[in-house]
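# Inside the fold
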Amino acid sequence: GGMETDLIFHHGVDLPLFAAFPLVDSQAGRSLLTAYYDAYAAIARRAGAGLMLESATWRASSDWGDRLGYSPADLARVNRDAISMLAELRERYREDLTDVVISGMVGPRGDGYQPGEEPGPDEAAGYHAAQIEALAAAGADIVSAYTLTSIGEAIGIVRAASSAGVPAAISFTTETDGRLPGGESLAEAITQVDAAASPAYFQVNCAHPVHVAAALAEPGSWRERIYGVRYNASTRSHAELDEAADLDEGDIDVLADRHRRLAAGLPALAIVGGCCGTDARHVEALWN
């Protein structure tokens, strides 16, 4: 689900720069995160599904960490600790959830809502290497990069993960027209990244199903590479959401209905969740 928006708007948690990873450093923060994860474990049990536990490290890379006062050593530690915390939860869930995957989450170097300059593959690989190495060393089963807006950064992340000996999943976000912020179609992005780096699979996140549907209008086998979707609750554009002071939780029934229509065109779909504005209620509705 949308961890950051859930914690900010439903639990009154202050997350400077939209960063959840500092919560790993306190007992109170870990308690909040544990309750958050427990809600999704309960959904997986009821749905008879596996569970992907994703670390609270979307912002835990050097540019963002530096702005929050985290040294490179601090960042490496908190990335490792975030994975260790999930490993403990997996053990606790093991009795009735046997299929639990631990994903080390990374985010874009820039801002997913205001992308700015797009890094090339070599620059991106160099930037993301330290975080990915820490996640891999701590035992992440996979590294998942979310809310990516550029092809070059996606290629660089996959290459950095390969160097660290861990598989990578790439998740692009789309604008309301179904295209990446730079104008590329989702088909172009997936095809180009596959040709250059071949990640384990692709996902789409931080977009409402109506926007993802526009991205899927182009036919082709590239759609078979999409294994996961994590939707926004709102149909607003990224620009509108970035300026909003309120939480748009959307219409849960509409979200679930649009997902049902969309899923029919994604033959490999295996991972279903939420992004901005969603919480456990939205994700349970998607699985129902």
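Computed from a prediction, not measured in an experiment: that's the story for all the values here.

Criteria and cut-off values
Residues numbered from 1 in each chain as written. Predicted model: local features only at pLDDT ≥ 70, side-chain atom pairs only at ≥ 80, totals over all residues. Heavy atoms only, no water. Pairing = 2+ DSSP bridges. Helix = DSSP H or I, 4+ residues; strand = E, 2+ residues; numbered from the N terminus. Axes fitted to C-alpha atoms, helices over the stretch in contact; angles between N-to-C directions. Contact = heavy atoms within 4.5 Å. Core = buried A, V, L, I, M, F, W, Y, C linked by side-chain atoms within 4.5 Å. Buried < 20%, exposed > 50% of the residue type's maximum accessible area, 1.4 Å probe, protein only. Right-handed = clockwise from strand over helix to strand, strands pointing away. Polar contact = N/O pair within 3.5 Å; in protein donor to acceptor, adjacent residues only side chain to side chain. Salt bridge = Lys/Arg side-chain N within 4 Å of Asp/Glu carboxyl O.

## Digging into the sheet that holds strand 4 (residues 168–172)
Spatial strand order, 1-2-3-4-5-6-7: seven strands in an open sheet with parallel pairing. Single-partner strands in this sheet number two, and they are strand 1 (51–54) and strand 7 (271–274). When strand polarity is set aside, the average angle formed by the axes of neighbouring strands in this sheet is 25 degrees. Pairing between strand 2 (residues 100–106) and strand 3 (residues 142–148): four bridges, direction parallel. Residue Val106 lies in a different strand from strand 3, and its bridge partner there is Ala145. On the sheet, helix 4 (residues 72–93) packs against strand 1 and strand 2 and is oriented at approximately 160 degrees with respect to strand 2.

## A closer look at the nonpolar core
Counting residues in each nonpolar core, the largest one holds 75 residues, and the members touching the most others are Leu33, Tyr37, Leu51, Ile170, Phe172 and Leu186. If you tally residues by element for this core, the top one is helix 4, at eight residues.

## Concerning the pairing of strand 6 (residues 226–231)
Buried residues dominate strand 6, accounting for five of its six residues. Of the pairings in the sheet, the one linking strand 5 (residues 201–207) to strand 6 comprises five bridges and is parallel in character. In the sheet register, Ala207 faces strand 6, and the bridge partner there is Tyr231. Read as a crossover between parallel neighbours, the route from strand 5 over helix 8 (residues 209–215) to strand 6 is right-handed. Where strand 6 lies against strand 7, four bridges are found, and the strand directions are parallel. From the neighbouring strand, Tyr231 faces strand 7, where its bridge partner is Gly274.

## Remarks on the environment of Asp251
Residue position: Asp251 is located in the loop between helix 9 (238–243) and helix 10 (252–263). Sequence spacing of Asp251 and Thr173 is 78 residues, and the spatial spacing of their C-alpha atoms is 20 Å. Polar contacts involving the side chain of Asp251 include one to the main-chain amide nitrogen of Asp253, which spans 3.0 Å. For Asp251, the side chain forms a polar contact with the main-chain nitrogen of Val254, separated by 3.0 Å.

## Regarding the pattern of salt bridges
Within this structure, the stated rule accounts for 15 salt bridges. Between Glu91 and Arg94 there is a salt bridge; the shortest N-O distance is 2.8 Å. What makes Arg94 partly exposed here is its relative accessible area of 40%. A salt bridge links Arg225 to Asp194; the shortest N-O distance between them is 2.7 Å. Here Arg225 is found in the loop between helix 8 and strand 6, whereas its partner Asp194 is found in helix 7 (residues 186–196), with 31 residues between them in sequence.

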